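One-letter residues, chain by chain:
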Amino acid sequence: MLAQRMKNLKPYVPGEQPKDREYIKINANENPYPPSPEVGKAVKSFIDGNLEKLGLYPDPDSKELHAAIADMLNKTGGVLSRCQVNKKEVIPSPEDKLPFTVTPDMIYTGNGSDEVLSFVFYAFFDSDRPLICPEHSYSFYPVYCGFYDIPRLPVALNKDWTLDVKKMTELSNKNNSSTIFANPNAPTSLAMTRAEIKKMLDESPKDRVFVVDEAYVDFGGESVIGLLKDYRNLVVVRTFSKSLCGAGLRSGYIVANPDLVNAVTTVKNSLNHFPMDAVTQVAAVAACRDVSYYVECAKKVCDTRADFISYLKERGYTVNDSKTNFVFLKKDGLEGKKAYEFIKQNGILVRRFDTPGIEEYLRITIGTQDQMNKLKEIMDRL
Ligand SMILES: *Cc1c(COP(=O)(O)O)cnc(C)c1O
């Protein structure tokens, strides 16, 4: 009874959400801090004062939200943890200051960056040539390739877990292909610099779309939004789920040249004219407008991360440098599966992948300092 195309579907498996007991959940890279109180106030006043608005379709073009996102990016330069806050005023680090003003027509929003990514795949990646991506990166990319019947050329990472940029550019030229990767990458937590990505863009096909997924960049990476001025084939994907403490909102976006934004909008309008609901739009606008709150959250996550990494290093763990809200670690002689299970029995969920090559590693989200202290007590007994 199933359509032929169903055979290509291998659905994404998210971090588990068991209900059998209360776990400390540091397995899905959610932010341990709640959204800004302004988000709560905005949602409450929207519902209290305008309930009839829920009976109407939301703005299909999400104009207010696109303006709020553009404004936030212009204020922050696109990397929260590197900003300074002075009495709620946010000042980007000088290196991050954008060389142009992001305009609302450069923004497209959808129900989480997962949906946005699926439209990006549909709009830009063809079935007649392989998509270039790292072997280990966000595990949704292969899922969408199966969904849209896009061939994929995964490129093995270097021994130090960095991307094999030389091989990736070589293959993208050979096939005149698009490229996608996360920067910082998951689950490795390593980041490329803006200059490194600029060089990669210079050496990749100019007439194929090049996607950088910046889900984690706010925790210390370098955003490539500033490169949009010179690279019309660049698409930057971002999300409210990690640094904007809003995984439950389901809100993600791209920043790109208006031509590419229009192409993705055409995909959306061919599937579901109204993808983001009115309440989420109100919440997301309020989040963008209180960005100083999220700068403080990102800084707290970075401080806790530094503390946890030194804990791990003191105890002989191998751990990558992290520019994300998680760490990727292992210890010689410690079986990944056993470590994962021991930690789970003690009430904490972390992430482990059965993927060959990374089975012995754990990917642990940075929680609050208190949560990480509890984890340390458990790990002391490993
Ligand atoms: C979490 C994550 C996403 C998905 O985010 P949502 O906006 O919650 O759909 C996309 N890309 C990467 C690399 C991620 O880690």
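The present account deals with the structure reproduced in this document. Because the structure is predicted, anything quoted here is derived from the model rather than measured. Sequence order as written defines residue numbering, which begins from 1 separately in each chain. It should be noted that, the model being predicted, local features are given only for residues of pLDDT at least 70 and side-chain atom pairs only at 80 or more, the latter also being counted only at that level, while totals for whole chains, interfaces and linings use all residues. Hydrogens and waters are ignored; side-chain quantities use all the structure's heavy atoms.

Here we take up the packing of helix H9 (residues 291-314) against helix H11 (residues 369-380). A pair of packed helices is captured by two measures, namely the crossing angle of their axes and the spacing between those axes. The N-to-C vectors of H9 and H11 enclose an angle of 10°; their axes lie 10 Å apart at closest approach. If you check the angle between H9 and H11, you find them roughly parallel. Here H9 contributes Thr304, Asp307, Phe308, Tyr311 and Leu312 to the contact with H11, which in turn contributes Gln369, Met372, Leu375, Lys376, Met379 and Asp380. As a working rule, the residues Ala, Val, Leu, Ile, Met, Phe, Trp, Tyr, Cys and Pro are called nonpolar, Asp, Glu, Lys and Arg charged, and the rest polar, with Gly in that last group. Of the residues assigned to the contact of H9 with H11, the class counts are six nonpolar, two polar and three charged. Every axis in this analysis is a line fitted to C-alpha atoms, fitted for helices over the stretch in contact. Angles between the N-to-C directions lie between 0 and 180 degrees. Put simply, DSSP marks the helices as runs of H or I at least four residues long and the strands as runs of E at least two long, and each gets a number from the N terminus on. Orientation categories follow fixed angle ranges, with anything under 35 degrees roughly parallel, anything over 145 roughly antiparallel, 65 to 115 roughly perpendicular, and all other angles oblique. Should any heavy atoms of two residues lie within 4.5 Å, those residues are considered in contact.

For the rest of this paragraph, the subject is the site of the ligand. Taken together, the residues surrounding the ligand are Gly112, Ser113, Asp114, Tyr138, Ala182, Asp213, Ala215, Tyr216, Thr239, Ser241, Lys242 and Arg250. The separation between an oxygen atom of the ligand and a polar side-chain atom of Thr239 is 2.5 Å. Pairs of N or O atoms within 3.5 Å make up the polar contacts considered here, provided that, within protein, one atom can donate a hydrogen while the other can accept it, and that residues adjacent in sequence are counted only when both atoms are side-chain atoms. One of the side-chain nitrogen or oxygen atoms of Arg250 is found 2.8 Å away from an oxygen atom of the ligand. For the accessible areas, the method is Shrake-Rupley and the probe is 1.4 Å, while residue cover comes only from the protein chains on display. With the chains in place, 94% of the 390 Å² that the ligand exposes on its own is no longer accessible. Put simply, a residue is near a molecule or strand once any heavy atom of it comes within 4 Å of that molecule or strand.

A word on the layout of surface pockets. Lining residues are those with an atom within 4 Å of a point, where the points come from a 1 Å grid over the protein atoms alone and group into cavities, where a 1.4 Å probe fits but cannot get out, or pockets, open sets with protein on both sides within 12 Å along at least five of seven lines. Grid points are joined across faces, edges and corners, and a volume is the space filled by probe spheres set on the points. Each pocket or cavity is described by its volume, and for the second largest pocket that value is around 390 Å³. If you go around the second largest pocket, you meet 19 residues; those closest to its centre are Phe46, Glu64, Ala278, Gln281 and Val282. Going through the elements one at a time, helix H1 (37-49), helix H2 (63-76) and helix H8 (278-289) are the ones with two or more residues in the lining of the second largest pocket. If you tally residues by element for the lining of the second largest pocket, the top one is H8, at six residues. Across the lining of the second largest pocket, the residue classes break down as 10 nonpolar, four polar and five charged.

This part covers the side chain of Asn233. Tracing the backbone shows Asn233 in the loop between strand E8 (210-213) and strand E9 (234-239). Using a relative accessible area of 7% as the deciding quantity, one classes Asn233 as buried. A distance of 3.3 Å separates a polar atom in the side chain of Asn233 from the backbone oxygen of Pro205. We call a residue buried when its accessible area falls under 20% of the maximum for its residue type, exposed when it is over 50%, and partly exposed in between, using a 1.4 Å probe and counting protein chains only.

Here a pair means two rings of Phe, Tyr or Trp (six-membered ring of Trp) with centres within 6.5 Å. Their orientation is stacked below 30 degrees between planes, edge-to-face above 60, and tilted elsewhere. Counted according to the given criterion, the structure contains 18 aromatic pairs. Consider the rings of Phe140 and Tyr144, whose centres lie 4.5 Å apart with planes at 20°: the pair is stacked. Of the two residues, Phe140 and Tyr144 are both situated in helix H4 (residues 140-148); the distance of four residues between them amounts to about one turn of the helix. Accessibility expressed as a relative area gives 12% for Phe140, which makes it buried. Ring centres 6.0 Å apart and planes at 10° place the aromatic pair Phe308 and Tyr311 in the stacked group. Taken together, the residues span about one helical turn, with Phe308 and Tyr311 both in helix H9 at a distance of three residues. For Tyr311, a relative accessible area of 6% corresponds to the buried category. An aromatic cluster of three or more residues is present, and its members are Tyr12, Phe121, Phe125, Tyr138, Phe140, Tyr141 and Tyr144. For a Lys NZ or an Arg CZ to count as sitting over a ring, it must be within 6 Å of the ring centre and within 35 degrees of the ring normal. The lysine or arginine in question, Arg363, covers the ring of Phe326, its NZ or CZ lying 5.6 Å from the ring centre.

By salt bridge we mean one thing: a side-chain nitrogen of Lys or Arg within 4 Å of a carboxyl oxygen of Asp or Glu. Taken as a whole and judged by the stated rule, the model has 27 salt bridges. One salt bridge in this structure joins Arg289 and Glu64, with 3.2 Å as the shortest N-O distance. With Arg289 in helix H8 and Glu64 in helix H2, this residue pair connects regions lying 225 residues apart in the sequence. The exposure class assigned to Arg289 is exposed, which follows from its relative accessible area of 55%. Residues Arg194 and Asp96 are paired through a salt bridge, measuring 3.1 Å at the closest nitrogen-oxygen approach. Here the residue Arg194 occupies a position in helix H6 (residues 194-203), and Asp96 occupies one in the loop between strand E3 (89-91) and strand E4 (107-110), the gap between them amounting to 98 residues. For Arg194, a relative accessible area of 19% corresponds to the buried category. The network of salt bridges with common partners includes Arg82, Glu95, Asp96 and Arg194.

Let us look at the nonpolar core. We call a set of buried residues a nonpolar core when its members are Ala, Val, Leu, Ile, Met, Phe, Trp, Tyr or Cys and they connect through side-chain atoms within 4.5 Å of each other. Formed by 85 residues in total, the largest nonpolar core has its most connected members in Val102, Leu234, Val255, Phe308, Leu329 and Ile364. Of the residues forming this core, the biggest block, 11 residues, is contributed by H9. Start and end points for every domain follow an automatic or database-based domain assignment. Residues lining this core come from more than one domain, with at least three contributed by each of domain 1 (21-33 + 293-379) and domain 2 (37-290). In contact with Leu329, not counting residues within four places along its chain, are Phe308, Leu312, Tyr317, Thr318, Val319, Glu360, Tyr361, Leu362, Ile364 and Met379. Leu117, Tyr144, Leu260 and Val267 belong to the second-largest nonpolar core, a separate cluster that totals 30 residues.

Quick look at empty space enclosed by the protein now. Remark: the empty space left among the atoms is shown by a probe the size of a water molecule rolled over them. A full pass over the atoms with the stated rule returns three cavities of 30 Å³ or more. Taken as a whole, the largest cavity holds about 70 Å³ of empty space. Of the residues belonging to the lining of the largest cavity, the class tally is seven nonpolar, three polar and three charged. The calculated volume of the second largest cavity comes to roughly 40 Å³.

Distance thresholds for patches are 9 Å for like charges and 5 Å for nonpolar side chains (Val, Leu, Ile, Met, Phe, Trp, Tyr), applied to residues having over 30% relative accessible area and no salt bridge. On the surface, a nonpolar cluster with roughly 410 Å² of combined accessible area is contributed by Leu2, Met6, Leu9 and Phe147. Take Met6: it is sitting in the segment before strand E1 (24-25).

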